[in-house]
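The primary structure of each chain is shown beneath.
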There are 4 protein chains.
Amino acid sequence: MTVRIGVIGTGMIGEEHSRRISQQLTGGEITAVTDVNQEQAQTMVDRLSLDAKVYDNGLELIQAEHVDAVMVTSWGPTHEEYVLAAIQAGKYVFCEKPLATTAQGCRNIIDAEIEAGKRRVQVGFMRRYDSGYQLMKEAIEANRLGEPLMIHAAHRNPTVPERYVTPMAIHDTLIHELDTFRWLLNDDYATAQVIFPRKTRHAHGKVEDPQIILLETTQGVRIDVEVFVNCQYGYDIQCDVVGEEGIAHLPEPQSLTLRQAGQRSNEILQDWKKRFGEAFDVELQAFIDGAASDTVGGPSSWDGYAAAIASDACVKAQESGQIEKIEMPERPAFYA
Amino acid sequence: MTVRIGVIGTGMIGEEHSRRISQQLTGGEITAVTDVNQEQAQTMVDRLSLDAKVYDNGLELIQAEHVDAVMVTSWGPTHEEYVLAAIQAGKYVFCEKPLATTAQGCRNIIDAEIEAGKRRVQVGFMRRYDSGYQLMKEAIEANRLGEPLMIHAAHRNPTVPERYVTPMAIHDTLIHELDTFRWLLNDDYATAQVIFPRKTRHAHGKVEDPQIILLETTQGVRIDVEVFVNCQYGYDIQCDVVGEEGIAHLPEPQSLTLRQAGQRSNEILQDWKKRFGEAFDVELQAFIDGAASDTVGGPSSWDGYAAAIASDACVKAQESGQIEKIEMPERPAFYA
Amino acid sequence: MTVRIGVIGTGMIGEEHSRRISQQLTGGEITAVTDVNQEQAQTMVDRLSLDAKVYDNGLELIQAEHVDAVMVTSWGPTHEEYVLAAIQAGKYVFCEKPLATTAQGCRNIIDAEIEAGKRRVQVGFMRRYDSGYQLMKEAIEANRLGEPLMIHAAHRNPTVPERYVTPMAIHDTLIHELDTFRWLLNDDYATAQVIFPRKTRHAHGKVEDPQIILLETTQGVRIDVEVFVNCQYGYDIQCDVVGEEGIAHLPEPQSLTLRQAGQRSNEILQDWKKRFGEAFDVELQAFIDGAASDTVGGPSSWDGYAAAIASDACVKAQESGQIEKIEMPERPAFYA
Amino acid sequence: MTVRIGVIGTGMIGEEHSRRISQQLTGGEITAVTDVNQEQAQTMVDRLSLDAKVYDNGLELIQAEHVDAVMVTSWGPTHEEYVLAAIQAGKYVFCEKPLATTAQGCRNIIDAEIEAGKRRVQVGFMRRYDSGYQLMKEAIEANRLGEPLMIHAAHRNPTVPERYVTPMAIHDTLIHELDTFRWLLNDDYATAQVIFPRKTRHAHGKVEDPQIILLETTQGVRIDVEVFVNCQYGYDIQCDVVGEEGIAHLPEPQSLTLRQAGQRSNEILQDWKKRFGEAFDVELQAFIDGAASDTVGGPSSWDGYAAAIASDACVKAQESGQIEKIEMPERPAFYA
Ligand SMILES: [Mg+2]
Ligand SMILES: [Mg+2]
Ligand SMILES: [Mg+2]
Ligand SMILES: [Mg+2]
């Protein structure tokens, strides 16, 4: 059985995912697309040679008979509405982050999903599908490090455009770490604090850069994340988990070691899409397979909600300069 | 269009490839299978839940209407016959190495393919599809090393079974390097010499282990390959290309760096199937895509023939202790 | 001219340094020793075959005619008195950390040194003499990283004894980082904060372990140091300096890379004396050479004072859980 | 007791060693110097502020009363005469490589030393004193690799001057490996073969570059050494010892890891004097200590002789293109 997928939002990430599904992965096909910009939607259909109908809007697409599952890659503020509609239509939905732009929006989705009685949502936290993070997760679960006590991490981009402002360091950047560490540690956050080091001369006027975010989990694990989005030298994701008996370092992406011109060197990636390209493949294949077998897994609505709550606290900590509490409601048995 | 594939030979590698095609890759399906052991063929069909007919023999399978392309993963001595039959049937054929067990057998295939007037054969030299080797190839082609002058390489297995005898170090092990270096260097071999170091105490009675194979190309590039199939510590593929201005090292497979118990360590793989798992994916996807678009690429019959000629010379060098010439006939324009 | 050195304190570090001076370094000899335990002093003289007189006490030793320079490696609380006496006697003095156990004690030494009108004191902050840190210092000064913005560091010991209590994480452990980062950055500290992660099960009752110390410099550089003194796996010093255009990582100590038993591994040191063995050589040779040429350099009394002030603030931050200010008086021109 | 050393030959290496002895090491002083160019000798005395007499010639210097030990760093063809004279004068002598320019010259020294009845000669094979090679030696002796079976090595220089001709790849370059591997393996050579890869465009007309030297030991260990003296990118010494159960890689020299401008990089040395700077220190300190304690160790006349015999065979193999036998006479008990 081929899973017929409707795509809402044909921007860069929507097209990337559509290309994956139609050309690289197995078991899925794009049968419907829509975008606020219908021309762009049609252009993508043409460019990828899809046999797909272009819809007027997302809600119609979700209802369409020849759509088994929905992929929401539209503008963030629209996510909530489409995910809710998909749940009500009884269709699996892959939603790029954020699940909703507010914690309340996420909560609405959770309530709807619980009421509908079946998990329908997979949130696009692709790092869980990265082979390097999976090795870390395995090492932790196999107790090779002892109990985790600390995480030291960094999320660096070469540059960001003018429109990237201070809170986006949380919403757009840290959001990945916020999900990943909950998953790695099987834990929730208790507090957040944000520190602003001396600002780099390469940052635009409206963004504090770099930032250091300090997180505490309910188990007392302490996490520091450097977010540095104008680091110039490359796209670089670092993560060390320090446990009672040992430390695991996230593997560097594969690269050639060259000896040349007085240097032994390895190239550092510049583009996040390359860094997590395989993770996107695995993530979307998992969604297709889940839809095909009628049981979707991976990051749930609850995980999207938790990330939203943590994000909100981090932004508050950016503003207050204080240690902010993060209060997660109890996890419903539905998401156990 | 889905490429309907018939599989001849359902042993370990045949089943691995069938699993890939049916569960992981896109655009192909297994519609026919056969094996000298028909029960085994049926078992595979069941295990992979294939919708495939089990044939009495390979020749029938090749003729079958619902077979667009053929995968030959049977016992080596049968390859030639099946590949020839596929060519005559006008069907694309993926043939695991060796293309044929003799250079003459390969030549027969070449003659048939040229006569038929169209490239039909892709030989299973998967290393060309390995991302690490591809980075090396790119670095060489981009002239980042200057002209290549030497290759230092190693092919190590933890252990081999009793049936692995001295010439298999060439036919089963070095064969991969023989193809890979022709491709990396865009060159052919001129001479071969084999050196037997002190034998490891871990080798069985019928195998000289380790061996060092020295190759010279027509351009004068010198290659040394350590083949060490009872190295105990792991499956380890090393390759350094030394050029006029720099050196490239084949990347190590991804692994977690751990600090633990007085060691900073990375796991070394034990299993060659894991080492080249992604390369197998890319290789078979390329075959499916090639069959679908009616133009197959990758390692050709000519490459299989060249590997066979070089293998024969290396085995002769094992026996003679001398430097043996490798004489490649001129490459037909057909394979340019 | 050979510098005749008197040693006050013949414990472990005193004997190590005396062995260096008498057997490894050039230009110095041990001519006088003393210890509260005179037998121990005599034992060291015998063990190292020194031609040295054993004195009743440090003050007598300092006055002795055949003592050109003094090395203070006695119990911390005695340092101040001996250093002051050496200054008054017009003799160069190498003082192991701490310069004094209180900031006021350090200040007394500074006042005396300024009054005496000549730099006499070299404080035993040996990391400045470590070849790895020197490479970092050079890279920073050569502006290869751009302006430094952050330092991420770790100071890990396999285990500590029962007598190691929470404030010792500052006084005995972090003290090295406190000096090193002032020197690396050419900057002073402005604030300190201490975070206590979940405690490792391997720590004794009276020590919080690990700890994370957050420092801010007057230039806004942000530093996080993990102090983890029961990390089990080894003695491990990590330091990354993050600048506006790049990052430098402190080199790992030299070790053999082994491929063996499924692992590619490097040994991690267990013993801090090995980690900084060469730095001790360079440090003490610098002191001898300085004394011989009548102009001592390296970490000064002012640096000892600055480390004491920062230490006090860190201990206060351990106790308060708050961000504590670090107020350095203006640096006298004498120490410019 | 200070060892009073007379230096014969004040060229680059003679001055480097003299600087070490007079400024860095302990227990020795330069009291006499000579050179065919007496002005150069005087210049060195002045530059290093030595309290040393300049002699007319080496033989006078060797006889001088105030010379306890001799350092021969003159032009190679003069070594034999000076070493013989030192032996006859009953003085310890450190002789830079080569011990003599012919195997017979080395033999003459051996005969004289045996007749004199006491080991007097330390040959300047400094790699045995390199901390990296010592780690390898320890790993081998501790049986961490099992029995050694192969060595893969490389000796690369960025460039060489016009006067460097083909046999110098053996006499000046490989000579270090020839000694080092005998010492690492505790074994002697049985055969040599030389292979000339395609020549680099960066080599001058009179030198084949690169070269690959294949050695076989009496125990059957097989060694391949790439000598590449115009490799452009740096001075780079590589050595892998492959044993029955594992492999040891010579550590890379210490360097900073930088992340910068799209690269993760480490500097590669350009200058061999930096690569083995610490080894020179340890080597010369060992000589001084040996002279002081009346028992010199390290590389002996026998080792110099063995290196000469192996060198001769390698040069013969360069010329013949054949596998050449290396016949070592039996080692006298005197050198056991
Ligand atoms: Mg995503
Ligand atoms: Mg294959
Ligand atoms: Mg110290
Ligand atoms: Mg030497």
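Residues numbered from 1 in each chain as written. Chains lettered and ligands numbered in written order. Predicted model: local features only at pLDDT ≥ 70, side-chain atom pairs only at ≥ 80, totals over all residues. Heavy atoms only, no water.

- The name given to chain A in an unreviewed UniProt entry is Inositol 2-dehydrogenase, with the source organism recorded as Chromohalobacter canadensis.
- For chain A, the Catalytic activity (unreviewed entry) comment in UniProt is given as "myo-inositol + NAD(+) = scyllo-inosose + NADH + H(+)". (UniProt positions renumbered as here; feature names shortened; annotations may be inferred.)

1. So, the interface of chain C and chain A
Part 1 of the argument: Contact residues are listed per partner, giving 36 residues for chain C and 36 residues for chain A.
Part 2 of the argument: For the pair chain C and chain A, the summed buried surface comes to about 2,800 Å²; carbon and sulfur atoms form 56% of the total.
Part 3 of the argument: Here chain C and chain A share 6 salt bridges between them.
Part 4 of the argument: Of the charged contacts, one joins R201 of chain C and E245 of chain A as a salt bridge, the two residues approaching to 2.8 Å between their closest N and O atoms.
Part 5 of the argument: Counting the contacts that link chain C with chain A gives 13 residue pairs in polar contact (both at pLDDT 80 or more).
Part 6 of the argument: Every element with two or more residues in the side of chain C that touches chain A is listed here: strand 7 (148-156), strand 8 (189-195), strand 9 (211-217), strand 10 (222-228), strand 11 (236-243) and strand 12 (246-249) of chain C.
Part 7 of the argument: In terms of residues, the side of chain C that touches chain A owes the most to one element, strand 7 of chain C, which gives 5 residues.
Part 8 of the argument: Residue classes in the side of chain C that touches chain A are distributed as 16 nonpolar, 10 polar and 10 charged. (Contact = heavy atoms within 4.5 Å. Buried area = accessible area lost by both parts, 1.4 Å probe. Salt bridge = Lys/Arg side-chain N within 4 Å of Asp/Glu carboxyl O. Polar contact = N/O pair within 3.5 Å; in protein donor to acceptor, adjacent residues only side chain to side chain. Helix = DSSP H or I, 4+ residues; strand = E, 2+ residues; numbered from the N terminus. Nonpolar A, V, L, I, M, F, W, Y, C, P; charged D, E, K, R; others polar.)

2. Looking at the pattern of salt bridges
Part 1 of the argument: Following the criterion strictly, the structure yields 101 salt bridges over all chains and no others.
Part 2 of the argument: For the salt bridge of R156 of chain D with E226 of chain D, the shortest nitrogen-to-oxygen distance reads 2.7 Å. Linking R156 of chain D in strand 7 (residues 148-156) with E226 of chain D in strand 10 (residues 222-228), this pair joins segments that are 70 residues apart in sequence. Comparing R156 of chain D with E226 of chain D, the two get one shared label, buried.
Part 3 of the argument: Connected via shared salt-bridge partners are R156, E226, D236 and E252 of chain A together with R259 and R264 of chain D. (Buried < 20%, exposed > 50% of the residue type's maximum accessible area, 1.4 Å probe, protein only.)

3. A few points about the environment of L84 of chain C
Part 1 of the argument: Following the sequence through the fold, L84 of chain C ends up in helix 4 (residues 79-88).
Part 2 of the argument: Residues within four places of L84 of chain C in sequence aside, it is in contact with N108, I109 and A112 of chain C.

4. Considerations on the UniProt feature "domain: Gfo/Idh/MocA-like oxidoreductase N-terminal" (unreviewed entry) in chain A
Part 1 of the argument: What UniProt calls "domain: Gfo/Idh/MocA-like oxidoreductase N-terminal" (unreviewed entry) maps, in this numbering, to residues 3-125 of chain A.
Part 2 of the argument: Along residues 3-125 of chain A, the helical share is 43% and the strand share 21%, with 21 Å between the first and last C-alpha atoms.

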